[in-house]
Amino acid sequence: GKRATADRPGGGKRATADRPGGGKRATADKPGSGKRVNRAAGKNIPVTACKIERHGSRISMVFQEDRLCEEYSALINVDMVTGDREKSRAHLSRLLAEEDLSRPCRELSGGMKRRVAIARAMAAGGDVILLDEPYAGLDEESRCRTRQYIRSCGADSALLVATHTGEAGAMGSTADGKE
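Residues numbered from 1 in each chain as written. Predicted model: local features only at pLDDT ≥ 70, side-chain atom pairs only at ≥ 80, totals over all residues. Heavy atoms only, no water.

Caption draft 1: Up close: the overall build of the protein chain. Looking only at helices and strands, the protein chain features four helices and six strands. Each helix and strand of the protein chain, ordered N terminal to C terminal, gives the series β-β-β-β-α-α-α-β-α-β. Across the 179 residues of the protein chain, 47% fall into the buried class. Within the protein chain, contacts between residues at least 6 apart in sequence are counted, and of these 65% link residues at least 24 apart. Just so you have it, the protein chain exposes about 8,800 Å², and 48% of that area is on carbon and sulfur atoms. (Helix = DSSP H or I, 4+ residues; strand = E, 2+ residues; numbered from the N terminus. Buried < 20%, exposed > 50% of the residue type's maximum accessible area, 1.4 Å probe, protein only. Contact = heavy atoms within 4.5 Å. Areas by Shrake-Rupley, 256 points an atom, 1.4 Å probe, with all protein chains shown as cover.)

Rendered as structure tokens:
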């Protein structure tokens, strides 16, 4: 399967993220940040100053800040990475109402902007997709829908998820089929 690896400089522990359903998953535990590693094997792995090895050809990312072009619509923000209007619309329509796709991002709520940023990264695709706080600012219904969207769109990618809430473990199943 697809794999991303984070190593601590000078050796030491390694965090591995495999594609959902592949049995292993990990995020980053940065001391003092409140973020934790969720590993199927059980241990938390501190990764102060770590290096990410690429085991594929493309990396996509959802940053902690949404980093949208506020004056452009949600659709144009996703179009900028896909170059395909229909693909962009298909991704966004899974997370936003149709009438919100053409609104400038500056008019969208924080949770809506977050979903645009997620749709942009998932539509761009990649062998490795890094998600920093993907559920920040989302209500429970949006969080659930977004989690399902990420799972389905990221099925062929290694997902590395950083979160304060421990939700990274809900991204895929462990080798024994548990979530």
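Don't stop here, the text continues.
Caption draft 2: Structural context of the pattern of salt bridges. For the structure shown, the criterion picks out nine salt bridges. Beyond isolated ion pairs, a larger network of salt bridges with shared partners links Asp100, Arg103 and Glu107. (Salt bridge = Lys/Arg side-chain N within 4 Å of Asp/Glu carboxyl O.)

Caption draft 3: The nonpolar core, seen in detail. One finds Leu92, Leu96, Val116, Ile118, Leu131, Tyr149 and Ile150 to be the most contacted residues of the largest nonpolar core, which totals 27 residues. Residue contributions to this core peak at eight residues, all from helix H3 (residues 110–124). Ignoring sequence-local partners within four residues, the contact set of Val116 consists of Leu68, Ala74, Asn77, Val78, Leu92, Leu96, Cys105 and Leu108. (Core = buried A, V, L, I, M, F, W, Y, C linked by side-chain atoms within 4.5 Å.)

Caption draft 4: Broad picture of the pairing of strand S4 (residues 59–62). Here S4 shows a buried face lined by Ser60 and Val62 and an unburied face lined by Ile59 and Met61. Where S4 and strand S5 (residues 128–132) come together, four bridges link them in parallel fashion. By the bridge assignment, Ile59 is partnered in S5 with Val128. (Pairing = 2+ DSSP bridges.)

Caption draft 5: The arrangement of the sheet that holds strand S6 (residues 158–162) in detail. With parallel pairing, three strands are arranged side by side in an open sheet as S4-S5-S6. The strands lining the two open edges of the sheet, one partner per strand, are S4 and S6. On average, each strand axis in the sheet is tilted by 15° relative to the strand beside it, whichever way the strands run. Across the face of the sheet, H3 comes into contact with S4 and S5 while running at roughly 175° to S4. (Axes fitted to C-alpha atoms, helices over the stretch in contact; angles between N-to-C directions.)

Caption draft 6: Geometry of the packing of helix H1 (residues 74–82) against helix H2 (residues 85–93). In contact at an axis separation of 9 Å, H1 and H2 are set at 125° when each is read in the N-to-C sense. Comparing their axes, H2 and H1 come out oblique. As H1 packs across H2, the resulting crossing turns out to be right-handed. Between H1, through Ala74, Leu75, Ile76, Val78, Asp79 and Thr82, and H2, the contact on the second element is made entirely by Arg85, Lys87, Ser88, Arg89 and Leu92. A breakdown of the residues in the contact of H1 with H2 according to their chemical character gives five nonpolar, two polar and four charged. (Parallel < 35°, antiparallel > 145°, perpendicular 65-115°, else oblique. Left-handed = near helix turned anticlockwise from the far one by under 90°. Nonpolar A, V, L, I, M, F, W, Y, C, P; charged D, E, K, R; others polar.)

Caption draft 7: Summary view of the environment of Val116. By the element assignment, Val116 lies in helix H3. Residue Val116 is classed as buried on the basis of its relative accessible area, which comes to 0%. In the structure, Val116 is positioned 50 residues away from Asp66 in sequence and 8.1 Å away in space, judged by C-alpha atoms.

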